[in-house]
Amino acid sequence: MKILIAGAGLGGLSAAACLLQDGHDVKVFEQAPQLGEIGAGIQLSANAMHVLNHIGVGDSVSAISVRPGAYVFRLFDTAEIIQEFSLADEHLALHKAPYNQVHRADFYELLLERVQELKPDCIYLNKKAIRFDETEDGVKLLFDDGSSEVGDLVVGADGVKSCIRDQICGPVQAVYTGDAAWRVTVSTSALAPNFIDEVMSVWMGPGRHAVCYYIRSGQILNFVGAVEANDEPDESWTAKFPWEKFKSDFEGWNDKVQTIIDLVDRDACYRWSMFKRPRLDFWGTKRATILGDAAHATLPYLAQGAAMAIEDGAVLMRALQKEKQLADALQLYERNRIDRTARVVEASDANKKLFHLDSVDEIRQAFANRNEGADRNGWLYSYNPLTVELF
């Protein structure tokens, strides 16, 4: 089958690798003039690593990752541990794949190399998809430069502002969540030895929280600080704000957070305003579908955005294997992804409330009534997109 993928992000490339490896003829069209990923840390739990192992990049990803020992929830001011659950060896033993924390750019390069190994001329740059025309016999993907490409299936992996999604589902209005995320990194060479343990740290406080973990084999400390912001939102990963604003947003937080903020490059304080879109009731036509952020953009409060896109590609591959008719395969794919991804979006929304409670007492009470490790191990990390029964 000839498959046309709009978008060469993490979701588009991982889907391309799955589909190429399965024998399909795949072309990927990227609107940017060059390939690359913006951002720093990314988390790849077992549910995603199963797919990466399948396409042959799992060991390479693990080799450049940090495997955190635990997921640790702390109070913002004293850093007191409120709850934690084990990762590392326990995650691997439970789910038969590791939990890795990796630099986005490093991960992207590994995916890109694998796709180009499978098909050297797979990716086309400066190709912004604007719409598709569908018939009983095929589908044509049209670009803003006036060119087009004909295939059997179009996959919209073109992100939160997807034109493929808007054509399939109608325009979907983005709504500002009220949250913005500071994204910075610090070289571990600038930190005291054993500054913090190799764990996934979440500090929680009124109206904001911070996440911190090591990447690039421990050479870099990645920090994301989510705050409830009332100023004009900008849906951009590259918007810079004054360091002084960053510092003031975490005034009164513990010494570790203060040290990180004081050490960052003051000219590289990126802040990303977070938007969400309503759940979609359907994802496709007879010859077009969507995946990743185009289908189910989520807040990053469960660390599963990339993992969901990676899962999507694997399930799409399996659906095409299982059903002879393309339209039936796309229905099978959608049916098996729409509720799971919605659950992740909803859980991420719930974590916004949980992590931003108004007082320490409320945080203590909330965590006294929940077991994060048992919950996530029970339904999130335990999902294997290569073996889960399709219905």
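Residues numbered from 1 in each chain as written. Predicted model: local features only at pLDDT ≥ 70, side-chain atom pairs only at ≥ 80, totals over all residues. Heavy atoms only, no water.

Here we take up the overall build of the chain. Secondary structure assignment for the chain yields 13 helices and 17 strands. For 391 residues, the compact-globule estimate of 2.2 N^0.38 gives 21 Å, and the chain sits close to it at 21 Å. Principal-axis analysis of the C-alpha atoms gives the chain an extent of 65 × 45 × 35 Å. For the chain, the proportion of its 391 residues judged to be buried stands at 58%. In the chain, once contacts between residues fewer than 6 apart in sequence are set aside, the share between residues at least 24 apart is 75%. Element-wise, carbon and sulfur atoms account for 47% of the exposed surface of the chain, whose accessible area totals about 16,000 Å². Placing the 40 positive and 56 negative side-chain charges of the chain at their respective mean positions leaves the two points 2 Å apart. (Helix = DSSP H or I, 4+ residues; strand = E, 2+ residues; numbered from the N terminus. Rg over C-alpha atoms; globule rule 2.2 N^0.38 Å. Buried < 20%, exposed > 50% of the residue type's maximum accessible area, 1.4 Å probe, protein only. Contact = heavy atoms within 4.5 Å. Areas by Shrake-Rupley, 256 points an atom, 1.4 Å probe, with all protein chains shown as cover. Lys, Arg positive; Asp, Glu negative; His and termini not counted. Charge placed at Lys NZ, Arg CZ, Asp CG, Glu CD.)

If you walk across this open sheet you meet the three strands as S8-S9-S10, and the pairing is antiparallel. Each edge of the open sheet carries a strand with a single partner, namely strand S8 (129-134) and strand S10 (148-151). Across the sheet, the mean angle separating the axes of adjacent strands is 20° when strand polarity is ignored. Both strand S9 (residues 139-143) and S10 contribute to a ladder of four bridges, which runs antiparallel. Paired with Leu141 across the two strands is Glu149, which belongs to S10. (Pairing = 2+ DSSP bridges. Axes fitted to C-alpha atoms, helices over the stretch in contact; angles between N-to-C directions.)

For the structure shown, the criterion picks out 20 salt bridges. With a closest N to O distance of 2.3 Å, Glu117 and Arg114 form a salt bridge. With Glu117 and Arg114 both in helix H5 (residues 104-118), this residue pair falls three residues apart, about one helical turn. The class of Glu117 is exposed, set by a relative accessible area of 58%. In this structure, the salt-bridge partner of Asp339 is Arg279, at a minimum N-O distance of 2.5 Å. With Asp339 in helix H11 (residues 326-355) and Arg279 in the loop between strand S16 (270-276) and strand S17 (288-290), this pair connects stretches of sequence that are 60 residues apart. (Salt bridge = Lys/Arg side-chain N within 4 Å of Asp/Glu carboxyl O.)

Take the pairing of strand S11 (residues 153-156) next. With burial as the criterion, each face of S11 is covered, one bearing Leu153 and Val155 and the other bearing Val154 and Gly156. Pairing analysis gives four bridges linking strand S1 (residues 2-6) to S11, with the strands arranged parallel. Looking at S11, one finds that Ile5 is bridged to Val155. Relative to S17, S11 is paired through three bridges, and the arrangement is parallel. Residue Val154 lies in a different strand from S17, and its bridge partner there is Ala288.

This part covers the pairing of S8. A regular strand places its side chains on the two faces of the sheet in alternate fashion. Note that S8 and S9 share five bridges and pair antiparallel. Its bridge partner lying in S9, Arg131 is registered against Leu142. Counted between consecutive antiparallel strands, the loop separating S8 from S9 contains four residues.

Looking now at the sheet that holds strand S4 (residues 70-75). Sheet architecture is open: seven strands sit in the order S5-S4-S13-S14-S15-S12-S16, paired in mixed fashion. The sheet terminates laterally at strand S5 (81-86) and S16, the two strands that pair on one side only. Along the sheet, successive strands turn relative to each other by an average axial angle of 20°, direction set aside. Sheet topology places S4 next to S5; five bridges connect them, and they run antiparallel.

Relative to the helices and strands, Val66 is located in the loop between helix H3 (58-63) and S4. Between the alpha carbons of Val66 and Arg216 there is a distance of 6.9 Å; along the sequence they are 150 residues apart. For Val66, the residues in contact, after removing those within four places along its chain, are Tyr99, Asn100, Gln101, Glu198, Tyr214, Ile215, Ser217 and Gly218.

The tendency in soluble globular proteins is for nonpolar side chains to be buried as a group. Judged by nonpolar contacts, the single largest core of 106 residues is most densely connected at Ile5, Val26, Leu44, Leu52, Tyr71, Phe107 and Leu141. The residues touching Leu52, leaving out its near neighbours within four places in the chain, are Leu44, Val57, Gly58, Val61, Phe107, Leu111 and Ile310. (Core = buried A, V, L, I, M, F, W, Y, C linked by side-chain atoms within 4.5 Å.)

Under the definition given, this model contains 16 aromatic pairs. Ring plane angle 45° and centroid distance 5.4 Å describe the contact between Tyr176 and Phe275, whose orientation is recorded as tilted. In this pair, Tyr176 is assigned in strand S12 (residues 175-187) and Phe275 in strand S16, connecting sequence segments 99 residues apart. Measuring from centroid to centroid gives 6.0 Å for Trp182 and Phe241, while their planes differ by 80°, and the two rings are edge-to-face. Residue Trp182 is located in strand S12, and its partner Phe241 is located in the loop between strand S15 (220-228) and helix H7 (243-249); the two are separated by 59 residues in the primary sequence. With relative accessibility at 21%, the residue Phe241 sits in the partly exposed group. Members of the aromatic cluster, joined through ring pairs, are Phe76, Trp182, Phe223, Phe241, Phe246, Phe250 and Trp253. (Phe/Tyr/Trp six-rings, centres within 6.5 Å; stacked < 30°, edge-to-face > 60°.)

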